[in-house]
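Examining the three-dimensional arrangement
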Amino acid sequence: MKRTMQAANGVDIPQLGFGLYKIKQGESFEKTVEEAIRIGYRHFDTAKIYGNEVALGRVIQKSDIPREDFFITSKAWTTDLGYHATKKTFERTCQRLNVTYLDMYLIHFAGAHYVDAWRAMEELYDEGRIKVIGVANFEIKNLEHLKKHARILPMVNQIETHPEFQQRELHEYMVKNQILHEAWGPLGQGSKELLEHPELLTIARKHRKSVAQVILRWHLERSIIAIPKSSNSRRIRENSELFDFELNAEEMEHIRRLDTGKRYSVSPTGLMVHPIYIHFMKLFSRP
């Protein structure tokens, strides 16, 4: 899994990563991450609100693999946006992960004070504490607003992306502005409807691959960084076996036509008033 995407500053980011959302720390978490490392994953995506930074740091330490061989991403939650607050939460994340720097750090949502938070991240980048700075769940209007105030433009935007929600307009904007596209929920959050789609099943049978492998390969062909997640050993391995086949132009076009604009999550704008967002705001605004 050596294939990488190069950020605007020249840093190589493994194009296939491992997402840790909803994988809670504990024995099963450790076994999952240990298995992922054994298979060859080195790019791990976590966040403060996932509640597993400590566990990830512990597994990485136990692996005896040099820190520099890993690409670790975390994110600043909405209640921690602001110049001083973001610097403080970054230090706490480093402490929880037991690292001195992060390979990538993102603003999780375009909440209040994200411009001030970005200024803090620019300074942490200048100090070498963060190799790649970026954002998540930002729309074009957010990126345009940040562009007016930023000294360094975001290098990555991590957004929901899958065949039924391809984010083509935002993708084109990011390509034009040298912002790498990173897909969370790259398999439509395991949607049965998506994973059993007749068009995808036909392509999968042709390549003797699973539908999940076809979808992940489609992301790679679009020059997108993908971070699938799974706690199943077979699927963890399966999701890594993407480099021995390619999709042709006709197959890519068939998948392009599957775009219905269907999200499997709440839009970034809608999330601001969603009950789960309010829950996290209350939970993580506590000291």
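Residues numbered from 1 in each chain as written. Predicted model: local features only at pLDDT ≥ 70, side-chain atom pairs only at ≥ 80, totals over all residues. Heavy atoms only, no water.

An unreviewed UniProt entry lists the protein under the name Aldo/keto reductase, with Paenibacillus cucumis as the source organism. One UniProt comment on the protein, placed under Sequence similarities (unreviewed entry), says "Belongs to the aldo/keto reductase family." (UniProt positions renumbered as here; feature names shortened; annotations may be inferred.)

Summarising the element assignment, Thr73 is placed in strand 5 (residues 71–76). In contact with Thr73, not counting residues within four places along its chain, are His43, Phe44, Asp45, Thr46, Met104 and Leu106. (Helix = DSSP H or I, 4+ residues; strand = E, 2+ residues; numbered from the N terminus. Contact = heavy atoms within 4.5 Å.)

A word on the pairing of strand 8 (residues 156–160). In terms of burial, strand 8 is a largely internal element, five of the five residues being buried. Sheet topology note: the strand 7 (residues 130–136)/strand 8 ladder contains two bridges and is parallel. Considered in strand 8, the bridge of Ala136 is made with Gln158. Each parallel crossover has a hand, and the one from strand 7 via helix 5 (residues 140–149) to strand 8 is right-handed. (Buried < 20%, exposed > 50% of the residue type's maximum accessible area, 1.4 Å probe, protein only. Pairing = 2+ DSSP bridges. Right-handed = clockwise from strand over helix to strand, strands pointing away.)

This structure, assessed with the given rule, holds seven aromatic pairs. Both rings, one in Phe18 and one in Tyr41, keep their centres 5.2 Å apart while their planes meet at 75°; by these two values the pair is edge-to-face. With Phe18 in strand 3 (residues 18–19) and Tyr41 in the loop between helix 1 (27–39) and strand 4 (43–45), this pair connects stretches of sequence that are 23 residues apart. Assessed through its relative accessible area of 2%, Phe18 is described here as buried. (Phe/Tyr/Trp six-rings, centres within 6.5 Å; stacked < 30°, edge-to-face > 60°.)

Our focus in this paragraph is the UniProt feature "domain: NADP-dependent oxidoreductase" (unreviewed entry) in the protein. Taking the UniProt record as the reference, the feature "domain: NADP-dependent oxidoreductase" (unreviewed entry) is found at residues 16–258. As a span, residues 16–258 carries 45% helix and 15% strand, and end to end its C-alpha atoms are 23 Å apart.

Interaxial distance between helix 3 (residues 83–97) and helix 4 (residues 114–126) falls to 7 Å at its minimum, and their mutual angle equals 50°. Looking at the two axes, helix 3 sits oblique to helix 4. For helix 3 against helix 4, the interelement crossing comes out right-handed. Between helix 3 and helix 4, the contacting residues are Tyr83, Thr86, Lys87 and Phe90 on the first element and Asp116, Ala117, Arg119, Ala120, Met121, Glu123 and Leu124 on the second. (Axes fitted to C-alpha atoms, helices over the stretch in contact; angles between N-to-C directions. Parallel < 35°, antiparallel > 145°, perpendicular 65-115°, else oblique. Left-handed = near helix turned anticlockwise from the far one by under 90°.)

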